[in-house]
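Structure assessment
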Amino acid sequence: MHSLRFTTETSSNGVVERDFLVGEVPGVLWSPVSGPDHAPLVLMGHGGGLHKKTPALMARAHDAVTTWGFTVVAIDAPGHGDRPRTAEDERTRADLRRAREAADTERFQSISVRFVTSLAERAVPEWQATLDALQKLPEIGTDAPIGYGGGISLGTAIGVPLTAIDSRITAAIFGGGFFVYDALIEAARRITVPIQFLLPWDDEYVDRQSALALFDAFASTEKTLHANPGDHRTIRWIGLDNEFLPRHLSRPVTLPA
C-alpha cells in the first residue's frame, strides 16, 4: 500500500494547496487555512485531455473550501497532466485525431469508448489508493464524509465506476459529454447515493440520448438532471443546485471569522 508524500505547499486567500504523490500518481489537496478536522472531503475529476489544475477545476475547489470549509482533492488521470503516456495511449490519441479529421463518427465513437474504458480501469484503483492514503492523515481520517464532485466527460467516466464500488462516497455530481457504454450503464445501476447530473445539451459529438440513458440507469431515489444549452467545452452552467454536496455531506461546518 502506497503512502502519501507531500511535495509542495502554498497558501493564498484562505486556501492551503498541497501537491502530493501516492506512489507515482500526482495529486493536489486544497483545504482551509484553519478549520475543524474531519471536514467533508470532495473528490474532483478532470475532463479528457486536461489535468488536475485546470482553471475551472481550481475555481470549483477554492469555492468549496472557502464557502463550505471542505477539503478537495484531485489527481491526474493516467496519461494526463504530469503523468507520462504509454505507447498505447499515444497510438489511441493519434487514431482519435484521424477519425475526427475524417469525420468518421462510428470509428471515433468506438475508439473513444475503448480508450475511456482503459483509463477508467486504471484510474479507479488509483483513486481508491489515494482515498486510503488521505484517510491516514489526522485532519481527514475515516470520519470525514466523502463526495464526488464530478467533472463532465472523463471525470464522470471514472467517477461512476468508482462510486459504484466504493461505499465511502455518499453523494456525487456527474455529467454528460462523452460516449456512454454498456459497462457504465451497469455500474450506474449499482449506485444508490444522491446524484446531481449535468448535461451539455448541444454536444457536437455525443447524442444526448446516451447521457439520458445513463441518468435513467442510476438506482438513486434522489437524483436530479440539469441541462443547459452549449457543448461541454463552452457551456455556461446556470440554475444548478449549488448546495447539493453541502446538504448531503455536511455536519454543519463553521468557518473562523
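Here we summarise the structure given alongside this text.

Helix and strand counts for the protein chain stand at 7 helices and 9 strands. A compact globule built from 257 residues should have a C-alpha radius of gyration of about 18 Å, and the protein chain, at 18 Å, falls within 12% of that. Dimensions along the principal axes, computed over C-alpha positions, put the protein chain at roughly 55 × 40 × 30 Å. The burial tally for the protein chain puts 53% of its 257 residues in the buried class. Long-range pairs, those at least 24 residues apart, make up 67% of the contacts in the protein chain between residues at least 6 apart in sequence. Here the protein chain displays about 12,100 Å² of accessible surface, and carbon together with sulfur accounts for 51% of that area.

For the rest of this paragraph, the subject is the packing of helix H2 (residues 87–101) against helix H3 (residues 105–134). Packed helix pairs are specified by the crossing angle of their axes together with the interaxial distance, meaning the distance between the axes. Remark: H2 packs on H3, axes separated minimally by 9 Å, with the N-to-C direction vectors making an angle of 155°. Considering the angle they form, H2 stands roughly antiparallel to H3. In the crossing of H2 with H3, the sense of the turn from one axis to the other is left-handed. Counting all contacts with H2, which are made through Asp89, Thr92, Arg93, Asp95, Leu96, Ala99 and Arg100, the residues of H3 involved are Arg107, Phe108, Ile111, Ser112, Phe115 and Arg122. For the contact of H2 with H3, the class distribution of residues is 5 nonpolar, 2 polar and 6 charged.

With that settled, the discussion passes to the packing of aromatic side chains. Applying the stated criterion across every chain, the model contains 6 aromatic pairs. Aromatic side chains phenylalanine 108 and phenylalanine 179 sit 6.0 Å apart centroid to centroid with 75° between the ring planes, which places their arrangement in the edge-to-face category. Of this pair, phenylalanine 108 sits in helix H3 while phenylalanine 179 sits in the loop between strand E7 (169–175) and helix H5 (182–188), and the two are 71 residues apart along the sequence. Overall, the relative accessible area of 11% leaves phenylalanine 108 in the buried class. Here phenylalanine 179 falls in the buried class, since its relative accessible area comes to 11%. An angle of 15° between the planes, with centres 5.5 Å apart, marks the rings of phenylalanine 174 and phenylalanine 218 as stacked. Note that phenylalanine 174 is positioned in strand E7 and phenylalanine 218 in the loop between helix H6 (208–217) and strand E9 (223–228), a separation of 44 residues in sequence. We note that phenylalanine 174, like phenylalanine 218, is buried. An aromatic cluster is defined as three or more aromatic residues linked by ring pairs; in this entry it consists of Tyr148, Phe174, Phe197, Phe215 and Phe218. The ring of phenylalanine 215 has lysine 223 lying over it, and the distance from NZ or CZ to the ring centre is 5.0 Å.

So, about the environment of proline 40. Looking at where proline 40 falls in the secondary structure, it is placed in the loop between strand E3 (25–32) and strand E4 (41–43). Residue class for proline 40 comes out buried when judged on its relative accessible area of 1%. Each C-alpha atom, one on proline 40 and one on alanine 172, is 13 Å from the other, the two residues being 132 residues apart in sequence.

Okay, the pattern of salt bridges next. Counted according to the given criterion, the structure contains 16 salt bridges. With its nearest N and O atoms 2.8 Å apart, the salt bridge here joins arginine 91 to glutamate 88. Within this pair, arginine 91 and its partner glutamate 88 are both found in helix H2, separated by 3 residues, close to a single helical turn. The closest approach of N and O atoms between arginine 247 and glutamate 222, which form a salt bridge, is 3.9 Å. Taken together, the positions of arginine 247 in helix H7 (residues 244–249) and glutamate 222 in the loop between H6 and E9 put the pair 25 residues apart, joining distant regions of the chain.

For a regular strand, side-chain orientation follows a simple rule: the groups alternate between the two sheet faces. Sheet topology note: the strand E8 (residues 195–200)/E9 ladder contains 6 bridges and is parallel. In the sheet register, isoleucine 195 faces E9, and the bridge partner there is lysine 223. Viewed along the sheet, the connection from E8 through H6 into E9 turns out right-handed.

Reading the values: rules and limits
- Residues numbered from 1 in each chain as written.
- Predicted model: local features only at pLDDT ≥ 70, side-chain atom pairs only at ≥ 80, totals over all residues.
- Heavy atoms only, no water.
- Helix = DSSP H or I, 4+ residues; strand = E, 2+ residues; numbered from the N terminus.
- Rg over C-alpha atoms; globule rule 2.2 N^0.38 Å.
- Buried < 20%, exposed > 50% of the residue type's maximum accessible area, 1.4 Å probe, protein only.
- Contact = heavy atoms within 4.5 Å.
- Areas by Shrake-Rupley, 256 points an atom, 1.4 Å probe, with all protein chains shown as cover.
- Axes fitted to C-alpha atoms, helices over the stretch in contact; angles between N-to-C directions.
- Parallel < 35°, antiparallel > 145°, perpendicular 65-115°, else oblique.
- Left-handed = near helix turned anticlockwise from the far one by under 90°.
- Nonpolar A, V, L, I, M, F, W, Y, C, P; charged D, E, K, R; others polar.
- Phe/Tyr/Trp six-rings, centres within 6.5 Å; stacked < 30°, edge-to-face > 60°.
- Lys NZ or Arg CZ within 6 Å of the ring centre and 35° of its normal.
- Salt bridge = Lys/Arg side-chain N within 4 Å of Asp/Glu carboxyl O.
- Pairing = 2+ DSSP bridges.
- Right-handed = clockwise from strand over helix to strand, strands pointing away.

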